[in-house]
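Chain by chain, the residues:
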Amino acid sequence: MPSNVDPAIFVHALIGSKPVVFRAMEQLRIGRAAAVGHLVMFWGSASMHLDDGVVSRATDAQLDEWGGWTGKRGAFAAFVRGVHVDSEGRIFVLVCPATQEYVELPCRAVMTS
């Protein structure tokens, strides 16, 4: 990756009102801001570590770490594996809004200079 390019993800402007946030709040028993934070951290790390968005290639410890999870070990990973992947084990969020197709991973970047 060129030195003037930083990894980036795009997050919906109203992310705090999306169903995935409410699912995280309910299952993880955390507040809205915490849910958004954990999800954004996870999506960013997953975009860099999972070539095709399939979470089965990551350990529970990795999923927890990528989400910045410090609660009960494995709880964030269980959330991701249980309600945040499709039938093929790919992360739901990695879909292009325009085409409804999966985004090629790892997501690459925006220019910073």
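Residues numbered from 1 in each chain as written. Predicted model: local features only at pLDDT ≥ 70, side-chain atom pairs only at ≥ 80, totals over all residues. Heavy atoms only, no water.

Student: Looking at this structure, I do not really get the side chain of Asp 64. What am I missing?
Tutor: Relative to the elements of secondary structure, Asp 64 occurs in helix H3 (residues 60-66). No salt bridge is formed by the buried Asp 64; the nearest opposite charge belongs to Arg 73, separated by 6.5 Å. Excluding residues within four positions of it along the chain, Asp 64 makes contact with Trp 69, Lys 72, Arg 73, Gly 74, Ala 75, Phe 76 and Ala 77. (Helix = DSSP H or I, 4+ residues; strand = E, 2+ residues; numbered from the N terminus. Buried < 20%, exposed > 50% of the residue type's maximum accessible area, 1.4 Å probe, protein only. Lys, Arg positive; Asp, Glu negative; His and termini not counted. Salt bridge = Lys/Arg side-chain N within 4 Å of Asp/Glu carboxyl O. Contact = heavy atoms within 4.5 Å.)

Student: So what exactly am I meant to see when it comes to the packing of aromatic side chains here?
Tutor: What describes a pair of aromatic rings is the distance from one ring centre to the other and the angle between the planes of the rings. With the rule as written, the count across this model stands at 3 aromatic pairs. Between Phe 42 and Phe 76 the ring centres are 5.6 Å apart and the planes differ by 70 degrees, which places this aromatic pair in the edge-to-face class. Of this pair, Phe 42 sits in helix H2 (residues 32-49) while Phe 76 sits in helix H4 (residues 75-83), and the two are 34 residues apart along the sequence. With respect to class, Phe 42 is no different from Phe 76; both count as buried. Relative to Phe 76, the ring of Trp 69 has its centre 6.2 Å away and its plane inclined at 25 degrees; by these criteria the two rings are stacked. (Phe/Tyr/Trp six-rings, centres within 6.5 Å; stacked < 30°, edge-to-face > 60°.)

Student: Explanation requested: the environment of Ala 33 in the structure shown.
Tutor: Looking at where Ala 33 falls in the secondary structure, it is placed in helix H2. Sequence separation between Ala 33 and Val 21 is 12 residues; the distance between their C-alpha atoms is 8.9 Å.

Student: Any chance you could explain the side chain of Ser 47 here in plain terms?
Tutor: Its place among the elements puts Ser 47 in helix H2. Here Gly 44 takes part through its backbone oxygen, which lies 2.7 Å from a polar atom of the side chain of Ser 47. (Polar contact = N/O pair within 3.5 Å; in protein donor to acceptor, adjacent residues only side chain to side chain.)

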